[in-house]
Amino acid sequence: MPQDSSPPPGSSRKRDVSRRLFLQTIGISAATAAAEGQAANADAALNAGEPAIIGPKPARTSLQVNGENLDYIAEPATTLLEALREQCNITGPKEVCDRAACGGCTVLVDDRPVASCMMLALDATGRKITTVEGIGTIDNPDPLQVAMAEFDAMQCGFCTPGVVTSAKALLDHNPRPNLDEIRAALSGNLCRCGTYPNIFNAVLVASGQAPVVEPTDRGRSVSGEQA
Ligand code: FES
Ligand code: FES
């Protein structure tokens, strides 16, 4: 005669199954509610113009870049450089070392140069971000960019956006820097092609001063003649 294997009503096995089911159910509900609450909080804060408390899941937020608000999906570990290049289509800042050693990714945050590979995008929320695209365009270049071109201050050009951005920050705070001040301001921007003399001359000329460094390659001589 077949045995009935179901536990009798009120047995401990039935209580275990019920408790597990209950915990699973509230776990799913809590996770869903947390995600929905997180997105709602982020949206509410954004609509109120305040930085949102975001994480650990991705959430929509925005950055103020070159005078525009650009939306992106933020995860807590997303760097400012990743957000700009991979989501906002701002590719002037370059990823070279990804460890604050080369300056290729330099952007201005509240008008101060920052290695964007070392800053979390969420920490840049609500702050004024300027990239090389916001300094000048091909049709309307900044005098610094004109001088960089005139002095042939680039070879591969990979360091150039970071150099221009750091130099722009210098000139905005110190319109007539001397050579030592230019060298100090650009000390975090490495140029593997070695165009430093031409870069320094370009910054001097952009600030209304005479070039003083002997150029390394083509471009003007210190007397201003074409070499
Ligand atoms: S890529 Fe950021 S400092 Fe080199
Ligand atoms: S121009 Fe090539 S790294 Fe500077």
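Look up a bit, the structure's there.
Conventions and cut-offs
- Residues numbered from 1 in each chain as written.
- Chains lettered and ligands numbered in written order.
- Predicted model: local features only at pLDDT ≥ 70, side-chain atom pairs only at ≥ 80, totals over all residues.
- Heavy atoms only, no water.
- Helix = DSSP H or I, 4+ residues; strand = E, 2+ residues; numbered from the N terminus.
- Buried < 20%, exposed > 50% of the residue type's maximum accessible area, 1.4 Å probe, protein only.
- Contact = heavy atoms within 4.5 Å.
- Areas by Shrake-Rupley, 256 points an atom, 1.4 Å probe, with all protein chains shown as cover.
- Pairing = 2+ DSSP bridges.
- Core = buried A, V, L, I, M, F, W, Y, C linked by side-chain atoms within 4.5 Å.
- Lys, Arg positive; Asp, Glu negative; His and termini not counted.
- Salt bridge = Lys/Arg side-chain N within 4 Å of Asp/Glu carboxyl O.

1. Quick notes on the overall build of the protein chain
Then, number 1: Scanning the protein chain for helices and strands turns up 8 helices and 5 strands.
Then, number 2: In the protein chain, the succession of α and β elements from N to C terminus is α-β-β-α-β-β-α-β-α-α-α-α-α.
Then, number 3: For the protein chain, with 227 residues in total, the buried portion stands at 38%.
Then, number 4: Taking as baseline every contact in the protein chain between residues at least 6 positions apart, the subset at least 24 positions apart corresponds to 46%.
Then, number 5: Carbon and sulfur atoms provide 53% of the accessible area of the protein chain, an area that totals close to 12,900 Å².

2. Let's talk about the pairing of strand β4 (residues 112–115)
Then, number 1: Pairing of strand β3 (residues 106–109) with β4 involves 4 bridges; the strand directions are antiparallel. Considered in β4, the bridge of L108 is made with P113.
Then, number 2: If you look at the hairpin formed by β3 and β4, you'll find 2 residues sitting between the two strands, and D110 has a positive phi there, around 50°.

3. Section: the nonpolar core
Then, number 1: If you look at the biggest cluster of nonpolar residues, it comprises 22 residues, and the most contacted ones within it are M148, I182, L186, I199 and V203.
Then, number 2: If you list the elements that add at least two residues to this core, you get α4 (132–135), α5 (143–150), α6 (160–173) and α8 (196–206).
Then, number 3: Of all hydrophobic cores here, the second largest spans 16 residues; its members include V65, V107, M119 and A124.

4. Side note on the side chain of K94
Then, number 1: Here K94 is to be found in the loop between α2 (80–87) and β3.
Then, number 2: Buried K94, no salt bridge; nearest opposite-charge side chain is E133, N-O distance 6.5 Å.
Then, number 3: Once residues within four sequence positions are removed from consideration, K94 is found in contact with L81, R85, G104, C105, F158 and P161.

5. Notes on the environment of I129
Then, number 1: One can find I129 in strand β5 (residues 128–130).
Then, number 2: Beyond its immediate chain neighbours, meaning those up to four positions away, I129 contacts L63, Q64, V65, N66, L80, V107, L108 and A124.

6. Focus on α8
Then, number 1: The buried count for α8 comes to 8 of 11 residues, which makes it a mostly enclosed element.
Then, number 2: Of the positions making up α8, those classed as buried are P197, N198, I199, F200, N201, A202, V203 and L204.
Then, number 3: Buried residues along α8 sit in contact with α5, α6 and α7 (179–185).
Then, number 4: Count one or two residues on from α8 and you reach G208, which has phi positive near 80°.

7. Considerations on the pattern of salt bridges
Then, number 1: One pass over the full model with this rule turns up 5 salt bridges.
Then, number 2: Note that R127 and D110 form a salt bridge whose closest N and O atoms lie 3.2 Å from each other. One end of the pair, R127, is in the loop between α3 (121–124) and β5; the other, D110, is in the loop between β3 and β4, and 17 residues separate them in sequence.
Then, number 3: The class for R127 is partly exposed, based on a relative accessible area of 32%.
Then, number 4: The salt bridge partner of K168 is D142, with a shortest N-O separation of 3.1 Å.

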